[in-house]
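Residue strings, one per chain:
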Amino acid sequence: MSNIQDKVVIITGASSGIGEATAKELASKGAKLVLAARREARLQKLQEAIQNNGGQAVYKVTDVSSHEQMEELADYALKEFGKIDVMVNNAGVMPLSPVHEKKIKEWDLMVDVNIKGVLYGIAAVLPTMRERREGHIINVSSIAGHLVFPASSVYSGTKFAVRAITEGLRREECINNIRTTIVSPGSIDTELTAAISNSELKTAINEVMKIAIEPSNIARAIAFAIEQPADVAINEMIIRPTIQEL
Ligand SMILES: NC(=O)c1ccc[n+]([C@@H]2O[C@H](COP(=O)([O-])OP(=O)(O)OC[C@H]3O[C@@H](n4cnc5c(N)ncnc54)[C@H](OP(=O)(O)O)[C@@H]3O)[C@@H](O)[C@H]2O)c1
């Protein structure tokens, strides 16, 4: 039996890309999934696909930038399945732009979703994990959380923050038997670049992204971290396309 069987896993940003692929991978290994994102039709379709393959999944429409909605998401998982074993804080946005363009609303959005969304996700599940002295929090950062390039200043800032928060959490909570994992993907073929509002930049980034690999590769890495024995923590992973230099 896999060490993922019957684990209750919340995944934010489950409506597309890495989150959707992770849901499918974990469902195939017997996890009980709680799918979260804002696009209900996508969540419903994914839930049906998982159930048609014999898996277990429920969903809740959730905006990760709302602390209240994240608390409600955790409550829903507890009501449906009685426990929370793993929280995958995956939802993220990447409207890249150079700082001089002053796209303040896009900066606010990245801070709200990429940083606050992760913090609210941690806050929502930590009490029950501390009480049970068991749990695993997986936060999706990025290769842009390890290095900065022109137009990534704010996005990288949010992804560096995810790594800092996760490492701090590890040092605080390892004593309580709570595992943390930072996942830093390179170029992955998803909808992420759609939010780039500068069309020249979007074209340039999409050109760079031609080397992108499938999100299922990140899903397998996340499954690997979850399926380790309880006394083993995979604390950090970078997964790139082999030919990606950046
Ligand atoms: N693709 C890459 O190359 C790459 C590289 C490094 C890191 N990442 C990271 O991987 C994560 C997943 O992104 P992806 O590549 O899979 O892109 P994606 O296909 O665009 O998925 C992003 C997900 O985040 C959700 N989301 C966005 N804002 C949200 C909000 N306010 N509340 C709840 N959910 C929200 C979206 O769902 P709704 O719109 O339905 O809410 C969607 O499911 C992100 O954190 C991203 O930064 C991606």
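Residues numbered from 1 in each chain as written. Predicted model: local features only at pLDDT ≥ 70, side-chain atom pairs only at ≥ 80, totals over all residues. Heavy atoms only, no water.

**With respect to the site of the ligand**
Right, so step 1: Lining the immediate environment of the ligand, one finds 30 residues, of which Ser-15, Arg-38, Asn-90, Tyr-155 and Thr-190 sit closest.
Right, so step 2: Take Gly-92: an N or O atom from its main chain is 3.5 Å from an oxygen atom of the ligand.
Right, so step 3: Contributing elements (two or more residues each) for the shell around the ligand: helix H1 (17–28) and helix H5 (153–173).
Right, so step 4: Looking at the shell around the ligand residue by residue, the classes come out as 13 nonpolar, twelve polar and five charged. (Near = heavy atom within 4 Å. Polar contact = N/O pair within 3.5 Å; in protein donor to acceptor, adjacent residues only side chain to side chain. Helix = DSSP H or I, 4+ residues; strand = E, 2+ residues; numbered from the N terminus. Nonpolar A, V, L, I, M, F, W, Y, C, P; charged D, E, K, R; others polar.)

**Quick word on the environment of Leu-73**
Right, so step 1: Topologically, Leu-73 is positioned in helix H3 (residues 67–81).
Right, so step 2: A relative accessible area of 0% places Leu-73 in the buried class.
Right, so step 3: Note: C-alpha distance between Leu-73 and Ile-188 (115 residues apart in sequence) is 27 Å.
Right, so step 4: With residues near it in sequence (within four places) discarded, Leu-73 still touches Ile-10, Thr-12, Val-34, Ala-36, Lys-60 and Thr-62. (Buried < 20%, exposed > 50% of the residue type's maximum accessible area, 1.4 Å probe, protein only. Contact = heavy atoms within 4.5 Å.)

**As for the pairing of strand S3 (residues 56–61)**
Along a regular strand, successive side chains alternate from one face of the sheet to the other.
Right, so step 1: Bridge analysis of strand S2 (residues 32–37) against S3 gives six bridges, and the strand direction is parallel. Bridge pairing in S3 places Ala-37 opposite Val-61. (Pairing = 2+ DSSP bridges.)

**Notes on the sheet that holds strand S1 (residues 8–12)**
Right, so step 1: With respect to topology, seven strands assemble into an open sheet ordered S3-S2-S1-S4-S5-S6-S7, the strand pairing being parallel. A single partner strand is all that each edge strand has here, and the edge strands are S3 and strand S7 (236–239). Taken over all neighbouring pairs, the strand axes of this sheet differ in orientation by 15° on average, direction set aside.
Right, so step 2: Relative to S2, S1 runs parallel, the two being bridged by five bridges. (Axes fitted to C-alpha atoms, helices over the stretch in contact; angles between N-to-C directions.)

**Quick notes on the pattern of salt bridges**
Right, so step 1: By the definition in use, this model includes 15 salt bridges.
Right, so step 2: We note a salt bridge from Glu-25 to Lys-29, for which the minimum N-O separation is 3.6 Å.
Right, so step 3: Assessed through its relative accessible area of 19%, Glu-25 is described here as buried.
Right, so step 4: A salt bridge links Glu-236 to Arg-163, with the shortest nitrogen-to-oxygen separation between them at 2.8 Å. Of the two residues, Glu-236 is situated in strand S7 and Arg-163 in helix H5; the sequence distance between them amounts to 73 residues. (Salt bridge = Lys/Arg side-chain N within 4 Å of Asp/Glu carboxyl O.)

Any functional reading would require information that these geometric values do not contain.
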